[in-house]
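# Geometric and topological summary
Here are the chains, one letter per residue:
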Amino acid sequence: WQLGSPTDNATTGEWEETIPVGSFGEPGVPSTLVAPQQDHTVGFSGYCFLTGVSPGSDAGIGANDVDAGQTTLLSPVIDLTQYENPVFSYWRWYTNNPSSGANPGADWWQVLITDDGVNWHYVENTKSADLSWRKCAFRIKDYVNLTSSVQLKFIASDSIRAGQYLDGGSLIEAAVDDLYLYESIDNGTGIN
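A quick note: this is a predicted structure, and the numbers were derived from the prediction, not measured.

A few words now on the packing of aromatic side chains. This model, assessed by the stated rule, comprises 10 aromatic pairs. Between W1 and F49 the ring centres are 4.7 Å apart and the planes differ by 40°, which places this aromatic pair in the tilted class. One end of the pair, W1, is in the segment before β1 (2–3); the other, F49, is in strand β5 (residues 48–51), with 48 residues separating them in the sequence. Overall, the relative accessible area of 41% leaves W1 in the partly exposed class. Ring geometry for F138 against Y143: centres 5.3 Å apart, planes inclined by 85°, an arrangement best described as edge-to-face. Residue Y143 is classed as partly exposed on the basis of its relative accessible area, which comes to 30%. Put simply, the rings of W1, W15, F49, Y90, Y94, W109 and F154 touch in pairs and so form one group of aromatic residues.

Below you can see the structure in the form of structure tokens.
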């Protein structure tokens, strides 16, 4: 995994591999949660990729969210030349509109895929927030060819729009966990 890209310009909230702490509008009040308190992996309390871990559950929202630009997380390059019909799935958390945040719903969550390291194709490109872990899955051949250079890119961003409240900045938190690669196998029953 690669944390960051040369085109990144966020001033805080860069991607890191860490144990989530949780970020609340009101400390300890579940309805005000904006960043996850734990990773997604069932049965474990451990690591995930997170945009800036909160310095403490009582630090309040915005203490280490993505600010003033974008931050990028890149998966390892994956060789898919031996696969026939692979699928990626991952769990993600994304918010751009907590009830007490500025400029709600103004910023993008993006997931892209490449088969050559040069040309990238959108898998997700949304302003829709989710204050929970959401599973996303897609058939890889719907986006790229099965080469030896397949890679995923996850981008969380906070736009600058001069003249708007807080110069257009929003409260942005994102996380990624449990990336899986599946292969569809014919088991002889006609059901894959």
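A few words now on the environment of L33. Tracing the chain through its elements places L33 in strand β4 (residues 33–35). In the structure, L33 is positioned 99 residues away from S132 in sequence and 9.3 Å away in space, judged by C-alpha atoms. Discounting chain neighbours no more than four positions away, the residues touching L33 are G22, S23, F24, W93 and L131.

A word on the sheet that holds strand β11 (residues 151–158). Overall, antiparallel pairing links the five strands, which are arranged β1-β6-β11-β8-β9 in an open sheet. Both outer strands of the open sheet, β1 and β9 (120–126), are each paired with one neighbouring strand and no more. Summarising the sheet, strand β8 (residues 109–114) and β9 pair through six bridges and their orientation is antiparallel. Note on β9: the bridge partner recorded for L112 is Y122.

This brings us to the nonpolar core. Residues W15, F88, W109, I113, F138, I140 and F154 are the most contacted members of the largest nonpolar core, which totals 26 residues. Put simply, the parts of the chain that give this core at least two residues each are β7 (86–95), β8, β10 (130–139), β11 and β12 (173–183). When residues no more than four places from it in sequence are discounted, the contact partners of I113 are F88, N119, W120, H121, V123, F138, I140, Y143, V144, V150, Q151 and L152.

Another aspect to go through is the side chain of D130. Take D130: it is sitting in strand β10. Look at D130 and you get buried, because its relative accessible area is 12%. If near-sequence neighbours (up to four positions away) are discounted, D130 is found in contact with R92, W93, Y94 and T95.

Next up on the list: the pattern of salt bridges. Within the structure shown, the criterion is met by three salt bridges. Note that E124 and R92 form a salt bridge whose closest N and O atoms lie 2.6 Å from each other. In this pair, E124 sits in strand β9 while R92 sits in strand β7, placing the two residues 32 residues apart along the sequence. Judged by its relative accessible area of 11%, E124 falls in the buried class. In this structure R92 comes out as buried when scored by relative accessible area, which is 5%. When the shortest N-O distance is used, the salt bridge between R139 and D142 registers 2.6 Å.

Rules and cut-offs
- Residues numbered from 1 in each chain as written.
- Predicted model: local features only at pLDDT ≥ 70, side-chain atom pairs only at ≥ 80, totals over all residues.
- Heavy atoms only, no water.
- Phe/Tyr/Trp six-rings, centres within 6.5 Å; stacked < 30°, edge-to-face > 60°.
- Helix = DSSP H or I, 4+ residues; strand = E, 2+ residues; numbered from the N terminus.
- Buried < 20%, exposed > 50% of the residue type's maximum accessible area, 1.4 Å probe, protein only.
- Contact = heavy atoms within 4.5 Å.
- Pairing = 2+ DSSP bridges.
- Core = buried A, V, L, I, M, F, W, Y, C linked by side-chain atoms within 4.5 Å.
- Salt bridge = Lys/Arg side-chain N within 4 Å of Asp/Glu carboxyl O.

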